[in-house]
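Below are the chains, spelled out letter by letter.
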Amino acid sequence: MLEVDLSLERLLFNLNTLAELGEEITSPKDFTRVVKSSLYMVMGSFAASKGAIFQYDSEDQRFNAIAAKGLSDIKGAGFKLSKEAVKEIVKFNKPIDLKGDPAHAALLGPAKAELEKASARVLAFLVVKDELLGVISINEKFSGQDYTVYDFQLLSVMAQHISFSLHSHTLLTKLMHKYTENKGLYENLRRIYYDTIHAFAAAIDAKDAYTKGHSHRVSAYCTVVAREMGWSPDEIEGIRISGLLHDIGKIAVDKSIINKASPLTSNECRELNSHPVIGYEILSKIKFPWKGIPMMTRNHHEKVDGTGYPDRLKKAEIPLGARIMALVDAFDAMTTDRPYRPRLSFKEAMDEVRENFGKQFDPEVVQPFISVIRKEVLGEVENPSIVPLLQEHLDSVTVNRLLEGFPGIS
Amino acid sequence: MIRKHNFKEIGGSVILYPNNYINDIEGEKLEEMCEAFLKKGVKKIVIDFSSTDLINSIGISILIGIIEKVKERKGAILFSGLKKVNHDIFNIVGLTRHIPVYKTEEEAVSDLKWEDHAAV
Ligand SMILES: [Fe+2]
């Protein structure tokens with residue numbers, strides 16, 4: 001497998017396809033068309049010229065072709081797998097590279113030869129809740145390039161999307177489409193979105209040696225602050241996703257700038273500071289099932305006194321979510337090591353927050369942030385999200401003393 | 001909604017002008033058109049994308065389908081008039097490695113003529 005080329009254009013192309021795929025499989029269009037579109041999306045993503053989707057019939061353990069492209073007659077085409085092979089495949093639950101992974105390819109037994117006759121190179125099995133629903137097969141890339149690690153991850157995510165579609169179709173045909181079931185499936189779809197975005201957030205963080213896990217921490221911190229502020233579950237989910245993606249624009253910023261230890265030149269600074277706008281441009285093209293994600297990303301470096309960037313917005317003009325993000329983003333930056341300085345202690349970070357209270361940070365956000373930290377230290381929260389991620393131990397006496405006399409905090 | 005793709009025949013070749021979007025299964029109409037031309041004996045196909053704003057992954061798979069069909073019949077296929085966003089996508093999926101891309105339809109056509117002579 002080749003090295004991963006994660007260019008901004010590729011990421012954008014793939015994110016768009018995932019969003020479209022998500023839309024397609026939840027659309028009321030007829031099943032055959034949805035399956036066909038899904039297959040085309042997969043093939044187009046990798047520039048494969050031959051591909052097929054097979055549905056698994058657990059009764060006779062046969063995979064039956066339900067859509068194909070680039071292959072001549074597929075009517076009645078299919079193959080069988082042994083029960084043991086099915087079990088192993090469900091357990092493995094990753095795409096199988098017929099060329100590069102002989103151990104797993106061998107699971108297919110005689111079906112391997114049949115699939116290879118249809119030019120199959122990679123198989124992505126469709127599994128929902130340990131149930132095998134089918135398989136997508138695609139051939140070599142038209143371009144002659146090899147599949148990368150990233151391709152396999154993307155294929156796996158797309159296969160999850162499509163599994164969801166097949167699953168809901170199966171459920172519908174079994175007349176089990178009760179409201180609750182559908183709701184559960186919708187949740188499942190969101191889960192898939194979330195997993196995808198997690199993978200991309202990891203890619204963003206990977207670019208920055210010093211901020212490993214920054215996006216995940218910002219996401220976790222945003223979530224608890226929003227919850228403390230009484231946001232609805234839907235809004236909370238939105239800011240959680242936003243937190244994971246807030247630095248996505250950094251994908252377009254040169255790695256050497258992000259990891260530079262010495263002060264940035266004005267050009268480098270301009271490039272780095274373009275990341276909220278680039279992020280906004282990427283994310284505004286994607287239809288998310290949650291509101292406000294592009295704007296929260298765009299405005300996460302605004303300051304309530306109007307001296308931030310890119311729009312120099314003042315307090316109420318900044319989306320509340322972006323104000324939450326601005327605080328927890330800065331807090332995480334302060335409490336972790338940076339190329340140009342070691343991390344600050346919790347006390348030093350809170351001194352900074354106090355210093356910039358009402359200037360950089362919104363008091364309406366600082367208050368719930370502090371109260372959450374206090375609750376976590378006092379053990380009043382079941383699953384603390386901030387305190388365990390800090391690299392120091394906080395006890396209630398110290399924290400109370402630190403937060404004493406904080407403006408607006410009783 | 002039925003969207004017709006325009007075309008222009010010049011000698012033994014054809015220039016196709018797809019719609020502004022090639023982003024769903026309807027795009028297969030383009031593939032069917034190409035097939036019909038190939039059956040008629042057309043050997044060279046230019047696809048001019050100058051009025052195409054958006055090609056998504058479905059569009060890519062349809063275009064690959066067309067390319068494969070042209071190749072099967074030993075024909076030639078050329079692209080022209082690609083907007084940057086579409087050119088980027090063609091680059092990402094590696095299409096530009098194998099299909100000649102021209103700035104304008106005229107450039108593609110003149111090259112096509114050259115190939116015509118070469119084929120004789
Ligand atoms: Fe940022």
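Described below are features of the structure shown in this document. (Residues numbered from 1 in each chain as written. Chains lettered and ligands numbered in written order. Predicted model: local features only at pLDDT ≥ 70, side-chain atom pairs only at ≥ 80, totals over all residues. Heavy atoms only, no water.)

Overview of the overall build of chain A
On a plain count of helices and strands, chain A comes out with 17 helices and 6 strands. Residue burial in chain A is summarised as follows: out of 410 residues, 51% are buried. At a minimum sequence separation of 6, the contacts of chain A that also span at least 24 residues come to 62%. Summing over all exposed atoms, chain A offers an accessible surface of approximately 18,500 Å²; the carbon and sulfur share of this is 52%. (Helix = DSSP H or I, 4+ residues; strand = E, 2+ residues; numbered from the N terminus. Buried < 20%, exposed > 50% of the residue type's maximum accessible area, 1.4 Å probe, protein only. Contact = heavy atoms within 4.5 Å. Areas by Shrake-Rupley, 256 points an atom, 1.4 Å probe, with all protein chains shown as cover.)

Observations concerning the nonpolar core
In a soluble, globular protein the nonpolar side chains are often hidden away together inside. By size, the foremost hydrophobic cluster in this structure holds 65 residues, and its most contacted members are A:Ile138 and B:Ile45. Take this core: its biggest share by element is 9 residues, from helix 6 (residues 149-173) of chain A. Ignoring anything within four residues of it in the chain, the contact list for B:Ile45 reads B:Val14, B:Leu16, B:Cys34, B:Leu38, B:Val70, B:Ala76, B:Ile77 and B:Leu78. Core analysis: the next-biggest nonpolar cluster, separate from the first, contains 39 residues, A:Trp231, A:Ile239, A:Val365 and A:Val399 among them. (Core = buried A, V, L, I, M, F, W, Y, C linked by side-chain atoms within 4.5 Å.)

A look at the coordination of the iron ion
As a benchmark, a tetrahedral metal site with four donors has ideal angles of 109.5 degrees, while an octahedral site with six donors has ideal angles of 90 or 180 degrees. Residue and element names in this part refer to chain A. Donor atoms from the polypeptide that coordinate the iron ion comprise Asp247 (OD), His275 (NE2), His300 (NE2) and His301 (NE2), at 2.2 to 2.4 Å from the metal. The site at the iron ion holds 4 donor atoms, and with the angles between them running 81 to 169°, its shape is irregular. Ordering the donors of the iron ion by residue number gives the pattern D-x27-H-x24-H-H. Linking Asp247 in the loop between helix 9 (233-245) and helix 10 (255-258) with His301 in the loop between helix 13 (293-298) and helix 14 (320-334), this pair joins segments that are 54 residues apart in sequence. Residue classification places Asp247 among the buried positions, given a relative accessible area of 3%. (Donors = N, O, S within 2.8 Å, 3.2 Å for Na, K, Ca; no water. Tetrahedral: all angles 85-135°; square planar, octahedral: opposite > 155°, others 65-115°.)

A look at the side chain of A:His161
Following the sequence through the fold, A:His161 ends up in helix 6. From its side chain, A:His161 meets the backbone oxygen of A:Leu18 in a polar contact 3.5 Å long. (Polar contact = N/O pair within 3.5 Å; in protein donor to acceptor, adjacent residues only side chain to side chain.)

A look at the pairing of strand 2 (residues 62-69) of chain A
Residues in a regular strand project their side chains so that they alternate between the two faces of the sheet. Residue and element names in this part refer to chain A. In the sheet, strand 1 (residues 51-57) pairs with strand 2 via 7 bridges, with the strands oriented antiparallel. When the bridges of strand 2 are listed, Gly51 appears paired with Lys69. Sheet topology note: the strand 2/strand 3 (residues 78-80) ladder contains 3 bridges and is antiparallel. Looking across to strand 3, one finds that Arg62 is bridged to Lys80. (Pairing = 2+ DSSP bridges.)

A few points about the pairing of strand 6 (residues 76-80) of chain B
Residue and element names in this part refer to chain B. Within strand 6, 5 of the 5 residues are buried, which leaves the element mostly enclosed by the surrounding structure. Neither face of strand 6 is left uncovered, since the one carrying Ala76, Leu78 and Ser80 and the one carrying Ile77 and Phe79 both have all their residues buried. Here 5 bridges tie strand 4 (residues 44-48) to strand 6, and the two strands are oriented parallel to one another. Across the sheet, Ile45 pairs through a bridge with Ile77, a residue of strand 6. As judged from the 2 bridges shared by strand 6 and strand 7 (residues 101-102), these two strands associate in the parallel manner. Of the residues in strand 7, the one forming a bridge with Ser80 is Tyr102.

Some thoughts on the sheet that holds strand 3 of chain A
All names here are of chain A. Taking strand neighbours across the sheet as the criterion, the 6 strands line up as 3-2-1-6-5-4 in an open arrangement whose pairing is antiparallel. Only two strands of the sheet have a single neighbouring strand rather than two, namely strand 3 and strand 4 (96-97). As defined by bridge partners, strand 1 adjoins strand 6 (residues 131-138) across 5 bridges and the pair is classed as antiparallel. Residue pairing across strands places Gly51 opposite Ile138, the latter belonging to strand 6. Lying on the sheet, helix 2 (residues 31-46) is in contact with strand 1, strand 2 and strand 6; it crosses strand 2 at an angle near 70°. (Axes fitted to C-alpha atoms, helices over the stretch in contact; angles between N-to-C directions.)

Some words on the interface of chain B and chain A
How big an interface is tends to be expressed through the accessible area that disappears when the partners come together. Contacts between the two partners involve 25 residues from chain B and, on the opposite side, 22 residues from chain A. Interface area for chain B against chain A, summed over the two sides, is near 2,000 Å², with a carbon-plus-sulfur share of 61%. Summed over the three residues of chain B that lose the most area to chain A, namely B:Ile25, B:Ser57 and B:Ile92, the buried surface amounts to 30% of that side. Here chain B and chain A share 4 salt bridges between them. As a salt-bridge pair, B:Glu68 and A:Lys50 come within 3.9 Å of each other at their nearest N and O atoms. Across the chain B-chain A interface, the total number found is 6 residue pairs in polar contact (both at pLDDT 80 or more). Elements supplying a minimum of two residues to the side of chain B that touches chain A: helix 1 (28-40), helix 2 (57-72) and helix 3 (84-93) of chain B. For the side of chain B that touches chain A, the element with the most residues is helix 2 of chain B, which contributes 10 residues. Counted by class, the side of chain B that touches chain A contains 11 nonpolar, 6 polar and 8 charged residues. (Buried area = accessible area lost by both parts, 1.4 Å probe. Salt bridge = Lys/Arg side-chain N within 4 Å of Asp/Glu carboxyl O. Nonpolar A, V, L, I, M, F, W, Y, C, P; charged D, E, K, R; others polar.)

Observations regarding the packing of helix 14 of chain A against helix 16 (residues 363-377) of chain A
Residues and elements named next belong to chain A. Running from N to C, helix 14 and helix 16 point in directions that differ by 55°, and their axes come no closer than 9 Å. On the basis of their axis angle, the class for helix 14 and helix 16 is oblique. Here the hand of the crossing between helix 14 and helix 16 comes out right-handed. Two secondary-structure elements touch here, helix 14 through Leu320, Arg323, Ile324, Leu327, Val328 and Phe331 and helix 16 through Val365, Val366 and Phe369. Residues belonging to the contact of helix 14 with helix 16 are distributed by class as follows: 8 nonpolar, no polar and 1 charged. (Parallel < 35°, antiparallel > 145°, perpendicular 65-115°, else oblique. Left-handed = near helix turned anticlockwise from the far one by under 90°.)

Points about the pattern of salt bridges
Residues and elements named next belong to chain A. What the rule picks out here adds up to 29 salt bridges over all chains. Between Lys315 and Glu364 there is a salt bridge, and its shortest N-O distance comes to 2.8 Å. Taken as a pair, Lys315 in the loop between helix 13 and helix 14 and Glu364 in helix 16 lie far apart in primary sequence, 49 residues in all. Assessed through its relative accessible area of 45%, Glu364 is described here as partly exposed. Connected through shared salt-bridge partners, Asp97, Lys99, Arg121, Glu140 and Asp146 make up one network.

A short note on unusual backbone geometry
A cis amide bond, omega 5°, links A:Tyr309 with the succeeding residue A:Pro310. Relative to the assigned elements, A:Pro310 resides in the loop between helix 13 and helix 14. Here A:Ser119, not a glycine, exhibits a phi torsion of approximately 65°, which is positive. Locating A:Ser119 in the fold gives a position in the loop between helix 5 (111-117) and strand 5 (122-128). One non-glycine residue with positive phi stands out, namely B:Lys74, at about 55°. Structurally, B:Lys74 can be placed in the loop between helix 2 and strand 6. Relative accessible area serves as the criterion here: at 72%, B:Lys74 is assigned to the exposed category.

Read these as spatial facts, not as claims about activity.
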